[in-house]
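# Structural description and commentary
Here is how the chains run, residue by residue.
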Amino acid sequence: MPQRYKTGNPRPSNSMKDLNDNALAYDDFINSDADHALDRFDRVRRTWVGMERHFDRLMNGFNSVFDALIIYFKGKAYDAISAIGWQELGNWVVNITLINRQQVVWHDNAWYKFIGALPHTITGGSPGEDGGIWSKDNPSGLWVNIGDASVRCDLAKGDGLKYIGRCPDIATLRTIVPEFTSQKIDVISYYEGWAATQNGAVGGGFFTSVNDATTSDDGGIFIRVNSSTGWRRVVENSVLVTHFGGRGNDSDETAIIQRAINSVALNKIKLVIDSGFSFSAHGIVIDSRHNGIRIDGDGWIKFYGNGGTQQNKPSNIVTGADYCIYVNGVSNAELSLQVDGNSASKLDNEQIHSIGMFGGKNISMSKLRFKNTRGDGLYITQSNGNVESAIPENVNIDFIESINETFDGRNAISVISVNGLNITTMVSLRHGGIVGGVYQPGGLDIEPNYYFQKCYNITVKSYRALCAGSQGLTIAGKQATGDFGEFCVKNVHFDNVDVEMTDIGRNRADVVLINGVNDVFVRGFAKTTALYTGDYVGLHVVGATGVDANITTRRCKHAAWLGYTPVLGLRNTYSSRFIINADRYHDGVSIGWADGFTVDFIGINPTQMGTGDMGHLQYIANPGESTPIRRTKVSVRTSGYEGFLERLDYGIRVNPSQTPAIYKGTNYIIDSDLTNVLHNPASGKNRMQGTKDIVKTNIDGVTPYPGTPISGTDIWGDGDIVFDTNASTSKVVGRVYTSTGFQVFSQLP
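Residues numbered from 1 in each chain as written. Predicted model: local features only at pLDDT ≥ 70, side-chain atom pairs only at ≥ 80, totals over all residues. Heavy atoms only, no water.

## Some details on the sheet that holds strand E9 (residues 184–189)
Taken in spatial order, the 4 strands of this open sheet run E9-E10-E12-E11, and their pairing is antiparallel. Edge strands, defined here as strands with exactly one partner in the open sheet, are E9 and strand E11 (222–224). The average angle at which neighbouring strand axes cross in this sheet is 30°, direction not considered. With 5 bridges joining them, strand E10 (residues 203–211) and strand E12 (residues 229–233) adopt antiparallel strand pairing. Counterpart to Thr208 in the pairing with E12 is Arg232. (Pairing = 2+ DSSP bridges. Helix = DSSP H or I, 4+ residues; strand = E, 2+ residues; numbered from the N terminus. Axes fitted to C-alpha atoms, helices over the stretch in contact; angles between N-to-C directions.)

## Remarks on the pattern of salt bridges
For the structure shown, the criterion picks out 31 salt bridges. Asp548 serves as the salt-bridge partner of Arg523, at 3.1 Å between the closest nitrogen and oxygen. Remark: Asp548 occurs in strand E34 (residues 535–554) and Arg523 occurs in strand E33 (residues 508–528); sequence separation between them is 25 residues. Its relative accessible area of 23% is what places Asp548 among the partly exposed residues. Measuring nitrogen to oxygen at the nearest pair gives 3.3 Å for the salt bridge that ties Arg630 to Asp595. (Salt bridge = Lys/Arg side-chain N within 4 Å of Asp/Glu carboxyl O. Buried < 20%, exposed > 50% of the residue type's maximum accessible area, 1.4 Å probe, protein only.)

## Examining the pairing of strand E5 (residues 103–107)
Looking at chain direction, strand E3 (residues 87–91) and E5 are connected through 3 bridges and run parallel. Considered in E5, the bridge of Glu88 is made with Val104. Sheet analysis places E5 next to strand E6 (residues 110–114), joined by 4 bridges and oriented antiparallel. By the bridge assignment, Val105 is partnered in E6 with Tyr112. The turn linking E5 back onto E6 is made up of 2 residues, and Asp108 within it adopts a positive phi angle of 50°.

## Structural notes on the packing of aromatic side chains
This structure, assessed with the given rule, holds 19 aromatic pairs. Ring centres of Phe723 and Phe745 lie 6.0 Å apart, and the angle between their planes is 85°; this geometry places the pair in the edge-to-face category. Placement of Phe723 in strand E46 (residues 721–723) and of Phe745 in strand E48 (residues 741–747) is noted, with a sequence separation of 22 residues between them. Classification of Phe745 by relative accessible area gives partly exposed; the value is 37%. A network of ring pairs unites the aromatic residues Tyr323, Tyr326, Phe358 and Tyr379 as a single cluster. We note Arg247 situated over the ring of Tyr191; from NZ or CZ to the ring centre the distance is 3.5 Å. (Phe/Tyr/Trp six-rings, centres within 6.5 Å; stacked < 30°, edge-to-face > 60°. Lys NZ or Arg CZ within 6 Å of the ring centre and 35° of its normal.)

## Focus: the environment of Asp252
Mapped onto the elements, Asp252 comes out in the loop between strand E13 (238–240) and helix H7 (254–267). Spatially, the C-alpha atom of Asp252 lies 8.0 Å from that of Phe279, the residues being 27 residues apart in sequence. When sequence neighbours within four positions are dropped, the list of residues in contact with Asp252 reads Ser280, Ala281, His282, Tyr304 and Gln311. Side chain to side chain, Asp252 and Thr254 meet in a polar contact 2.5 Å long. (Contact = heavy atoms within 4.5 Å. Polar contact = N/O pair within 3.5 Å; in protein donor to acceptor, adjacent residues only side chain to side chain.)

## Overview of helix H1 (residues 16–31)
When the terminal C-alpha atoms of H1 are compared, their 22 Å separation across 16 residues agrees well with the 22 Å that a helix rising 1.5 Å per residue should span. Among the residues of H1, Asp18, Asp21, Leu24 and Ala25 are the ones counted as buried. Axial view of H1: buried residues confined to an arc of 125°, hence all on one face. Opposite the packed face of H1, turned more than 90 degrees from it, sit the exposed residues Met16, Leu19, Tyr26 and Asn31. Among the structural elements, strand E1 (36–38) are those in contact with the buried residues of H1. (Expected span 1.5 Å × (residues − 1). Arc of directions from axis to C-beta.)

## Side note on the side chain of Gln471
Considering the arrangement of structural elements, one finds Gln471 in strand E31 (residues 471–476). A polar atom in the side chain of Gln471 sits 3.3 Å from the side chain of Ser470. In terms of polar contacts, Gln471 uses its side chain to reach the side chain of Thr474, at 3.3 Å. Excluding residues within four positions of it along the chain, Gln471 makes contact with Pro441, Gly442, Met501, Asp510, Val511 and Leu513.

## Thoughts on the sheet that holds E3
The 4 strands lie next to each other as E3-E5-E6-E8, forming an open sheet whose pairing is mixed. The open sheet has two edge strands, E3 and strand E8 (143–145), and neither has a second partner. The sheet shows a mean angle of 35° between the axes of neighbouring strands, taken without regard to direction.

## Points about H7
The end-to-end C-alpha distance of H7 is 20 Å, a good match for the 20 Å that 14 residues give at a rise of 1.5 Å each. In this structure, the buried residues of H7 make contact with E13, strand E14 (270–273), strand E15 (278–281), strand E16 (284–287), strand E17 (294–297) and strand E18 (300–303). One or two residues past the end of H7 sits Lys268, with phi positive at roughly 60°.

Geometric values such as these leave the question of function open.
And the structure:
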């Protein structure tokens, strides 16, 4: 082996030993097959062949970049030339000379242009023999097929995507076998020609091929081609009903919507009901298979059919009613739905409902809209319907609106059983018409059918209703036999109520009914549309414990019935507090079966509405039964036009014909003002009447009183004291009532 001396002498050096080492290093650099060699100083250097190999590797790495740049810049050039126009020189012939880039020559059914140096004279028998044809694989070719160039130019345009081949519809997609995994394809619309009929492509989109032998064809997200391959829709967070073939053409599309619901639940994405569409369906089921589902109803579901035959009813539900949508035992769902009840096509039957909720937990409804409902918009009950079973829990509704074109149908919401219902805003318009010959309740009805159906912990922030029929707001529970005072409706809270009722011929209705409940809080307005002569009651409370109601009534003939006129056998009313502000009323408050509550009544403008005595507040027995009244405290204040007040028959009275059992010494009338109520018993005008067993304190116009107290039928009882407001003149401090009448109990000197 040739010897290297490796002197380490610095360069330049004329040492023969260094000359020897330089010659050997140069020989290695030029002639070695290795990639590297050592110089005189033992430093590693690339050999000539090493540099060649390194260059080849770099070029191979940048090939794709070079190809893209060549295509881009040539495309730009072709685009410019195309704009100028081609100069056709005819068929390929040797010796044709080309002098500019616009000139093209015809060969083998195609036009070719020369991209080499100009001028150029053809010498070969074809483009391939005259410099070669340019392509990605032959970038040195000098001839370009201008058909290919035109396509490239078109594709480079801003709207070049339109030149890409597209699949016309889903049916065709099922016939296309992918050539490789992750192949992309663009589908124009769901049905052939549908893009034109729907004013735009609907139901199409991008798909990618997958090797999948197990997933079922759902008609929307996964389209199967054969036993091992299919196309999967490219989606981000949501799909549309039209992606599954929904048309919104009034045909029954239940199966399509059900496939969409099943698919989005499986794929953990949201289903959007297309805006501007109305899809007809009957018997859609959302159940535990769909836990965690999200549905956003921008468009409408239209109740298909006449409601006479149930469709797809889950086997666990015991009910004879028909439903458009069953929300059956689902949990952690987020639902926003709009349902057209299509009442014009329905039978005259109150048991045809838009949505039924049967059991389930943690259900959030950001938006519910109903229109033209024959039965209820939303019906909430136990998982098995009218059989004791799991109760829906933690149901939250941000906004619900139900609007009928005419007074028709039953309720916007019927609550049969729930534990934890929160409604932020509710609007109900024109519910409570006549269905099946029966006046229906309208608006919101919290009313279990049986004691085992519990309604606990219900909160409504805002409720507005315009309705007709029997009630506008109903909170009515049941009491088990032997379970006295314990009801199946508990802890109900209404912050802002505004209920208006219109008379459609019934002549008897409760605008707000509270019956068979424990612990109810309600604030708001109860009114009628006009001054009706029928028995319209603003607030009716019977069979209840722990009611706290502050209600302003308007145009209601009877402002409030408290413990008066039993409902479903319930009458006993305990431990409650009422503030009643009545504007235009025939009679104000009627107190029946009562134990332990207070009433603060403020009356404005009493107005005659039909027949019957007019007055502010009365204690009255329920028809045909003994009615005890004990531990009550009332306050009455009134104002209004003198002409209205002069019509009053009484201020405060114990009803002389329906006389209740007043427990002496336990009932109080306090802090009242009856000065503007006429008192002329001979003509039937009584400021007070029959109140002998009720303690009376600080009642302007009664006690204290200037001079001799007013007299009438059973106003005073033993021990009643009336202070004389004219004591400085009469020298009488006050009088006490005894069995022989009033006696002066103190005089000034």
